[in-house]
Amino acid sequence: MLCCFGGGILSSLLLAEPPAAVLSNSTNIIYATIVWYMVYYFPLDLFYRCFCFLPLRIIASAMKEVTRTWKIVGGVTQAQSRFKDALLVMVANGWAKAAGGGLISNFEQLVRGVWKPESNELLKMSYPVKISLVGSILFTLQQIELLPLERHHLMFIYTMFLITTKVGMMLTRSSVSPFQPAEEFIGHFLFGLPQAPKMTKEKVATNDKEEPKVKATGSKEEAKTSGSEPREATRKRNVKKSE
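These notes cover the structure that comes with them. Worth saying up front: this structure is predicted, and the values here are computed from it rather than measured. (Residues numbered from 1 in each chain as written. Predicted model: local features only at pLDDT ≥ 70, side-chain atom pairs only at ≥ 80, totals over all residues. Heavy atoms only, no water.)

Let's shift gears to the packing of aromatic side chains. Enumeration according to the criterion identifies 5 aromatic pairs in this entry. Ring plane angle 90° and centroid distance 5.7 Å describe the contact between Phe139 and Tyr158, whose orientation is recorded as edge-to-face. On the criterion of sequence distance, the pair formed by Phe139 in helix H8 (residues 127-143) and Tyr158 in helix H9 (residues 151-172) is long-range, its members being 19 residues apart. With relative accessibility at 5%, the residue Tyr158 sits in the buried group. An aromatic cluster is present here, built from Trp36, Tyr37 and Tyr41 joined pairwise through their rings. (Phe/Tyr/Trp six-rings, centres within 6.5 Å; stacked < 30°, edge-to-face > 60°. Helix = DSSP H or I, 4+ residues; strand = E, 2+ residues; numbered from the N terminus. Buried < 20%, exposed > 50% of the residue type's maximum accessible area, 1.4 Å probe, protein only.)

In C-alpha cells form, the structure reads like this:
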C-alpha cells in the first residue's frame, strides 16, 4: 500500500491533510490487493509471465507514463489552490504525487525491516524520480504563465516524450538515464566535478615494459645473494681446514 499510494500519502503530508484519507477509498484498496496477490501468489506465476511478454509490458508502461502526467498536473493544481504563487510547494507536491513510490522507498524498507541508505532516492535519483521532477517544474512554470504553452499541448509533448523514452529503454534493455550526458556536462561546468582520469596508450605500454624489468632485476639480485652465500660458506670451511 505504501508503494501504490505513496504519492497521495506524501502529498497529504505536504499540504497538512490526513495521510489516512488516501486509504479511505475501499475500491482502490481492493484493486491494489488483487494486483499484489496476482503478481506474487498467482498459481504457476502465470500472471507475471504474461506481463513479461514484451508487447504487454510496453502497453502497461505507456499507460503508467500517461498516469504519471495526470498525477503531476493534479499535484501542481492542488498546491496552487492551497498556496498561491508558492513555486516550491507546487513543484514539491507535483513531484511527490508522481514519484511517491520511489521517494517513500526508504520508509517502506524500514517497515519491511530492511535498511539500505545507499539507495536513497533523494541522493541518488532513479530515472522515474528525475523525470517526475522535471515534469513538475515544467507544469509549475506553465501554471504561473512563465512557460508560453497551453496545458494540453504541454501534456501531449511531455507524455509522448515519456512513452518514447521508456519504450526505447525497454527495447534496448538499457537502464542508463538519457539525462546522463547532460548531467555530467552540467556537473563539470557549473560545479567543477572531477572527471575520471584516462590512461593513454603510451603510459600503459611503458607500465607493461617496466614491470618485467623490475621482476627480472629482483630475480637476479636474489640469485646473486643466494649464490654468494654458499661460496662464503665453502671459503670459511677451507680456511678452517688449512688452520
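Let us look at a nonpolar patch on the surface. A surface patch of nonpolar side chains, amounting to about 500 Å² of accessible area, comprises Phe51, Phe53, Leu56, Ile59 and Met63. Looking at the nonpolar patch, the element that brings in the most residues is helix H4 (residues 54-82), giving 3 residues. With respect to the helices and strands, the residue Ile59 is situated in helix H4. (Patch = residues over 30% accessible without salt bridge, like charges linked within 9 Å, V, L, I, M, F, W, Y side chains within 5 Å. Areas by Shrake-Rupley, 256 points an atom, 1.4 Å probe, with all protein chains shown as cover. Salt bridge = Lys/Arg side-chain N within 4 Å of Asp/Glu carboxyl O.)

Moving on: the pattern of salt bridges. All told, the structure shown has 4 salt bridges when counted by the stated rule. With a closest N to O distance of 3.0 Å, Glu17 and Arg82 form a salt bridge. With Glu17 in the loop between helix H1 (6-14) and helix H2 (26-41) and Arg82 in helix H4, this residue pair connects regions lying 65 residues apart in the sequence. Classification of Glu17 by relative accessible area gives partly exposed; the value is 28%. Ionic pairing is found between Lys130 and Glu183, a salt bridge with its closest N-O pair at 2.8 Å. Of the two residues, Lys130 sits in helix H8 while Glu183 sits in helix H10 (residues 180-190), which places them 53 residues apart along the sequence. Overall, the relative accessible area of 18% leaves Lys130 in the buried class.

To continue, consider the nonpolar core. If you look at the biggest cluster of nonpolar residues, it comprises 14 residues, and the most contacted ones within it are Ile72, Val76, Tyr127, Ile131, Phe139, Tyr158 and Leu162. With 5 residues, the single largest contributor to this core is H9. (Core = buried A, V, L, I, M, F, W, Y, C linked by side-chain atoms within 4.5 Å.)

Attention now goes to the packing of H4 against helix H5 (residues 87-98). Where H4 contacts H5, the two axes come as close as 7 Å, and the packing angle between them is 145°. The crossing of H4 and H5 is right-handed. Contacts between H4 and H5 pair Arg68, Lys71, Ile72, Gly75, Val76, Gln78, Ala79 and Gln80 from the former with Val89, Met90, Asn93, Gly94, Lys97 and Ala98 from the latter. (Axes fitted to C-alpha atoms, helices over the stretch in contact; angles between N-to-C directions. Left-handed = near helix turned anticlockwise from the far one by under 90°. Contact = heavy atoms within 4.5 Å.)

Looking at where Glu108 falls in the secondary structure, it is placed in helix H7 (residues 105-112). The contacts of Glu108, once residues within four sequence positions are left out, are Leu2 and Cys3.

Time to look at the state of the cysteines. Summed over all chains, the structure comprises 0 disulfides. Distance from the sulfur of Cys3, which forms no disulfide, to the nearest cysteine sulfur (Cys4) is 6.7 Å. (Disulfide = S-S within 2.5 Å.)

The next subject is unusual backbone geometry. Its identity is not glycine, yet Asp45 carries a phi of approximately 55°, on the positive side. Looking at the element boundaries, Asp45 is found in the loop between H2 and helix H3 (46-51). For Asp45, a relative accessible area of 34% gives the class partly exposed.

Here we take up the environment of Thr164. Mapped onto the elements, Thr164 comes out in helix H9. For the pair formed by Thr164 and Ala62, sequence separation is 102 residues and the distance between their alpha carbons is 8.7 Å.

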